[in-house]
Amino acid sequence: MAELTDAKFEIVANRYGKSKVRLLKVTRAEGRSDVHEWTVQVLLRGDFETAHTVGDNSKIVTTDTMKNTVYSLARWSSATTMEEFAEELIEHLLRRNEQVSSVRVHIEAALWKRLTVDGKEHPDTFMRGSNEVQTATVEQARAGEKKFIAGFANLQLLKTANSAFSGFQRDELTTLPETRDRVFGTAVDAKWTYSGPVEFAAMRKAAREVMLKVFADHMSESVQHTLYAMADAALEAVAEITEIELAMPNKHCLLVDLSKFGQDNPNQIFVPTDEPHGYIEARVRRK
Ligand SMILES: O=c1[nH]c(=O)c2[nH]c(=O)[nH]c2[nH]1
């Protein structure tokens, strides 16, 4: 092994693990099953410098083992939330590997909804309602508190009324007309931090629902204005949230000029566009 001993450089930080470990867990009960589709990332920090500097793998927990650990723990786990399963993984990895100083587990859940057939919930058939994913990140240093971050990503929303954008700066390069009536399309990414362990499923539901309600009811002066109102509502509704970060692209819907065809267009015919899009983000916390 070639040793890098000249000590000219030092590793500032390093971590490693397995990403995109895909798991579908079917929980079977009499006449009915439930599914969770989770994509898991496990990252370790610890005493791994010599793996980088001298090629010494003796302390390396293989990423293949991490993948196997996800499936093996899932077999007996009674966790119903991503947060609980992440805690089990962390506990297992810290207990087995003293060279590991901290573990971070990030899980994304697909939104499978039970199918309704003839007005009744089907016992074992599900439909992927949208591309929204629920997210959870749990991180624990061996000697520290657990950090819990919950959220969702790619929650696509559209409102066709109560959205305006006016009163902005103008210069010789500004062509955007002011509007008091536009279509507001976005795909919300949200992440919020809890003060400690909470009722994960109930808190997630409460935060998500209040943000949806605000998006729907808000008289929006801009994406920025609605983003802040949503963050404010989540902090107001769930006392255990200490900080929330929202990212909302402005998926512009451009009014089509139908005058060339001798037609009017009273805000009815649009081209939805993905690129380029506005991008607005903010992190809001309690004072
Ligand atoms: O809600 C908006 N915020 C902006 O900052 C902006 N900029 C822009 O061109 N359109 C919009 N819309």
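Small disclaimer: the values here were computed from a predicted structure and weren't measured.

A. Quick look at the domain arrangement of the protein chain. For the protein chain, the assigned domains read domain 1 (14-144) and domain 2 (155-286). Between domain 1 and domain 2, the C-alpha centre-to-centre distance is 31 Å. Taken together, the contact pairs 9 residues of domain 1 with 6 residues of domain 2. The junction of domain 1 with domain 2 conceals about 690 Å² of combined surface from both sides, 47% of it contributed by carbon and sulfur atoms. Per-residue buried area on domain 1 facing domain 2 is highest for E83, E132 and Q134; these three make up 59% of the total on that side. For the interface between domain 1 and domain 2, the tally reads 2 salt bridges. For R208, the salt bridge is made with E132, and the minimal N-O distance between the two is 2.8 Å. On the surface where domain 1 and domain 2 come into contact, there are 4 residue pairs in polar contact (both at pLDDT 80 or more). Looking at the side of domain 1 that touches domain 2, the elements that each hand over two or more residues are helix 3 (82-96) and strand 4 (120-141). Looking at the side of domain 1 that touches domain 2, the element that brings in the most residues is strand 4, giving 4 residues.

B. Broad picture of the UniProt feature "active site" (unreviewed entry) in the protein chain. In this structure's numbering, the residues bearing the UniProt feature "active site" (unreviewed entry) are K18, T63 and H252. What stands out for the annotated residues spanning 235 residues is how far apart their C-alpha atoms range, the widest pair being 41.5 Å apart. Along the chain, K18 falls in strand 1 (residues 16-29). When near neighbours in sequence (up to four residues on either side) are disregarded, K18 contacts V40, Q41, V42, T63, D64, M66 and K67. Tracing the sequence through the fold places H252 in the loop between strand 7 (241-250) and strand 8 (253-255). By relative accessible area, H252 is classed as partly exposed at 27%.

C. Representation of the site of the ligand in the model. The ligand sits among F165, L176, R182, S222, V223, Q224 and N250. Measuring from an oxygen atom of the ligand, one finds a side-chain N or O atom of R182 at 2.8 Å. Contacts to the ligand include Q224, whose side-chain N or O atom sits 2.9 Å from a nitrogen atom. Broken down by class, the residue content of the shell around the ligand amounts to 3 nonpolar, 3 polar and 1 charged.

D. Expanded view of the sheet that holds strand 5 (residues 146-159). The sheet built from 8 strands is open, its strands ordered 1-2-3-4-5-6-7-10 with antiparallel pairing. One side of each edge strand has no neighbouring strand; the edge strands of this open sheet are strand 1 and strand 10 (278-285). Taking the axes of each pair of neighbouring strands and ignoring which way they run, one obtains an average angle of 20 degrees across the sheet. The strands touched by helix 4 (residues 200-217) are strand 3 (100-117), strand 4, strand 5, strand 6 (184-194) and strand 7; relative to strand 5, the strand with the most contacts, the crossing angle is about 30 degrees.

Basis of the calculations
- Residues numbered from 1 in each chain as written.
- Predicted model: local features only at pLDDT ≥ 70, side-chain atom pairs only at ≥ 80, totals over all residues.
- Heavy atoms only, no water.
- Domains from an automatic or database assignment.
- Contact = heavy atoms within 4.5 Å.
- Buried area = accessible area lost by both parts, 1.4 Å probe.
- Salt bridge = Lys/Arg side-chain N within 4 Å of Asp/Glu carboxyl O.
- Polar contact = N/O pair within 3.5 Å; in protein donor to acceptor, adjacent residues only side chain to side chain.
- Helix = DSSP H or I, 4+ residues; strand = E, 2+ residues; numbered from the N terminus.
- UniProt positions renumbered as here; feature names shortened; annotations may be inferred.
- Buried < 20%, exposed > 50% of the residue type's maximum accessible area, 1.4 Å probe, protein only.
- Near = heavy atom within 4 Å.
- Nonpolar A, V, L, I, M, F, W, Y, C, P; charged D, E, K, R; others polar.
- Pairing = 2+ DSSP bridges.
- Axes fitted to C-alpha atoms, helices over the stretch in contact; angles between N-to-C directions.

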